[in-house]
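# Coordinates in review
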Amino acid sequence: MSDSLLDRANKGILALKPYEPGKPIEETKKELGLQNIIKLASNENPLGISPKALKVIFQNKDLNRYPDGNATSFKEVISQIEGIKTSMITIGNGSNDLIEFVSKCFLSEGDNAIYSQYGFAIYPLAIKSTGAKAIKAKAKDWGHDLSLMKDLIDGNTKVIFLATPNNPTGTILESNDIEEFLEEIPSNIAVFVDQAYFEYIEEDKYKISFDLIKKYKNLIVSRSFSKAHGLAALRLGYGVSSEEIAEFLNRVRQPFNANSLALAAGVEAIADNEHIAQSIEINKSGMEKVKKAFDALDFKYIESFGNFISFDSQMDSDSSFDFFLRKGIILRSLKVYEMPQHLRVSIGLEDEMDAFIKVLEEYKKAL
Ligand SMILES: *Cc1c(COP(=O)(O)O)cnc(C)c1O
C-alpha cells in the first residue's frame, strides 16, 4: 500500500476547499489595531437577539442535561404557527445542517446534484463531500435559470438546490415558477428550496408555501434562525418536507444536533412579532439608504430581496475589501463566487450604514 492515509480520504473530500466565513470582529481589531469595527459581512441581524429569547437563555439551569433530542416544544410551536405536522419537521444545527442531511441521504459516488452559478457556497461543498458530482448551472441575470437547470438533469441527478432569496446575489424566484419547475421535473429528484431569508420577503408570490409539499413529495424547504431571528451564534434552523423524507433526514441527524439554549430561544424568537417587525423595518430603511448611495456614486448593484446587497466595486474585490477593512468595515469579497469585483454588504443599523456610506464615498474618491 503506497498511498498515504490522506490520499485515501473520500475522493470528494480530496478536491474540497473549506468554506471561508466572514472575518470575526475581535481578531480583526487586534490584527489592524483598530478601536472600532463594524461587521457587515455575514448577514446577521444588526438589532441583535429578541429580548424574550435572551431571557429564556439566562433562565435555563439544566445545562448538565442533554437537549430534548426530538425538540418537542420547538416543533410544536413551528407546527402551530405554520400549520404543518410536527412529523414533517427536521431540526438543524443551523439550516446548513439540512443541506448536509439531504446530500447525505440521497447522494453518493456516481450521482450528481445541480446548483446555480453564484448559488450559496455550501451546496457544492455538501454535494462533493458525498463523492457526487456538483453540476453548476450558468446563472441568468445573476439569478437561477430554472429552465437551464431542468435541461441539465440526467439519469444520475438526485438533488437540485435552489436558494430564494439567494445569497450572495439577493435574487429571488416566484413560487409559481418553482411550482412549474416541480411539475416538469421527475418526481424522484429532491428539490431543496433554501429560504434562509424568508422573513424579509414582502410579497406573497415569493413565499414558498409548505402547502406545496402536499402536492410535491420531493420538495424540501429550509428556514433559518440566523438571519431575521438573530440567533446566528446559537445555530438553529429546520427543514419541512413530506413525513417520509423527514423520516429519512432524521436518520442522518445527530440526536442532539440542536442545543437546549437554541431550542428554547427559538420558541421565543419565532413568536416575537415585535422584534421581527423592527428587524425588517431596519433592513428596509437601510437597504433604501445604501441603494441611494450606490446610485449617487455610480456603483452598480444587484437588486436584493435579503438583508444584504452586492455591488460592483469597480476594482479587484480583494483590494476593495481591504480598503474598507482598513477603515474598520468588514465586508465580504465575492471572489470565491466568480464575482471578481463584487463586494457584499450586510444591512446594519442606521449609524452603521452611515459609516459604510462615508467610507464608500472615500473609496470612490480614491478609485
Ligand atoms: C446564511 C444562509 C444559510 C445558513 O444559515 P444557518 O446559519 O446555517 O441557518 C443558508 N442558506 C443561505 C442561502 C444563507 O445565506
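As the structure is a prediction and not an experimental result, all values here were calculated from the model.

## Overview of the domain arrangement of the protein
Taken domain by domain, the protein consists of domain 1 (6-48 + 273-366) and domain 2 (51-269). On a C-alpha basis, the centres of domain 1 and domain 2 stand 24 Å from each other. With 32 residues of domain 1 at the interface, the matching set in domain 2 holds 35 residues. Contact between domain 1 and domain 2 buries roughly 2,600 Å² in total, counting both sides, with carbon and sulfur atoms accounting for 64%.

## Description of the site of the ligand
Every residue near the ligand is listed here: G94, S95, N96, F120, N167, D194, A196, Y197, S224, S226, K227 and R235. Contact between the ligand and Y197: an oxygen atom at 2.6 Å from a side-chain N or O atom of the residue. For the ligand, an oxygen atom lies 2.5 Å from a polar atom in the side chain of S226. Calculation on the ligand without its partners gives an accessible area of 390 Å², and the protein chains cover 94% of this total. Considering only residue class, the shell around the ligand consists of 3 nonpolar, 6 polar and 3 charged.

## Re the pattern of salt bridges
On inspection of all chains with the given rule, the structure shows 23 salt bridges. Between E338 and K136 there is a salt bridge, with its nearest N and O atoms 2.6 Å apart. Pair noted here: E338 is in the loop between β12 (332-333) and β13 (342-346) and K136 is in strand β4 (residues 133-137), with a separation of 202 residues, a long-range link. Taking relative accessible area as the criterion, E338 reaches 42% and is therefore assigned partly exposed. Between E247 and R251 there is a salt bridge, with the nearest N and O atoms lying 2.8 Å from each other.

## Observations concerning helix α11 (residues 260-271)
For α11, spanning 12 residues, the distance from its first C-alpha to its last is 17 Å, which sits close to the expected 16 Å at 1.5 Å a residue. With 9 of 12 residues buried, α11 lies mostly within the body of the structure. Along α11, the positions that sit buried rather than exposed are S260, L261, A262, L263, A265, G266, V267, A269 and I270. Of the surrounding elements, those touching the buried residues of α11 are α3 (51-59), α4 (72-82), β2 (89-92) and α12 (273-297). You can read the cap of α11 off the contacts: a side-chain oxygen lies 2.9 Å from the backbone nitrogen of L261, and it is on N259.

## As for the side chain of T28
Along the polypeptide, T28 turns up in helix α2 (residues 25-32). When residues no more than four places from it in sequence are discounted, the contact partners of T28 are K23, I37, L325 and I330.

## Let's talk about the packing of α12 against helix α14 (residues 350-366)
Viewed as axis vectors pointing N to C, α12 and α14 meet at an angle of 10°, and their least axial separation amounts to 10 Å. The orientation of α12 relative to α14 falls into the category roughly parallel. Residues G286, K289, V290, A293, F294 and L297 of α12 touch α14, and the partners they reach there are E350, M353, D354, F356, I357, L360, E361 and K364.

## Concerning the nonpolar core
The biggest cluster of nonpolar side chains holds 47 residues, and the ones touching the most others in it are F74, I160, L162, L219 and F225. Broken down by element, the residue count for this core peaks at 7 residues, all from α11. Ranked by size, the runner-up nonpolar core spans 28 residues in total, among them F101, V102, Y123 and A126.

Rules of the game
- Counting from 1, residues in each chain are numbered in the order their sequence is written.
- Only residues with pLDDT of at least 70 get local features here, since the model is predicted, and only at 80 or more are side-chain atom pairs given and counted; chain-wide, interface and lining totals rely on the full set of residues.
- Remark: hydrogens and water are excluded; side-chain values derive from all non-hydrogen atoms of the structure.
- What counts as a domain boundary in this text is fixed by an automatic or database domain assignment.
- Residue contacts are counted whenever heavy atoms from the two residues lie within 4.5 Å of one another.
- A simple way to read buried area is as the amount of 1.4 Å-probe accessible surface that goes missing from two parts once joined, with both sides added.
- Whether a residue is near a molecule or strand depends on its heavy atoms: it is near if one of them lies within 4 Å of it.
- Pairs of N or O atoms within 3.5 Å make up the polar contacts considered here, provided that, within protein, one atom can donate a hydrogen while the other can accept it, and that residues adjacent in sequence are counted only when both atoms are side-chain atoms.
- Working definition of accessibility: Shrake-Rupley area with a 1.4 Å probe, residue cover restricted to the visible protein chains.
- Residues are grouped as follows: Ala, Val, Leu, Ile, Met, Phe, Trp, Tyr, Cys and Pro are nonpolar; Asp, Glu, Lys and Arg are charged; all remaining types, including Gly, are polar.
- A pair is scored as a salt bridge if a Lys or Arg side-chain nitrogen falls within 4 Å of a carboxyl oxygen belonging to Asp or Glu.
- Runs of E in the DSSP output that reach at least two residues are strands. Runs of H or I that reach at least four are helices, and both are numbered from the N terminus.
- Note on classification: 1.4 Å probe, protein chains only; a residue is buried when its accessible area is under 20% of the maximum for its type, exposed when over 50%, partly exposed between these limits.
- A helix is expected to reach a length of 1.5 Å times the quantity of its residues less one.
- Axis angles are defined between N-to-C directions and span 0 to 180 degrees, where every axis is a line fitted to C-alpha atoms and, for a helix, only to the segment in contact.
- Orientation is classified from the angle alone, with under 35 degrees giving roughly parallel, over 145 giving roughly antiparallel, 65 to 115 giving roughly perpendicular, and any other angle giving oblique.
- We call a set of buried residues a nonpolar core when its members are Ala, Val, Leu, Ile, Met, Phe, Trp, Tyr or Cys and they connect through side-chain atoms within 4.5 Å of each other.

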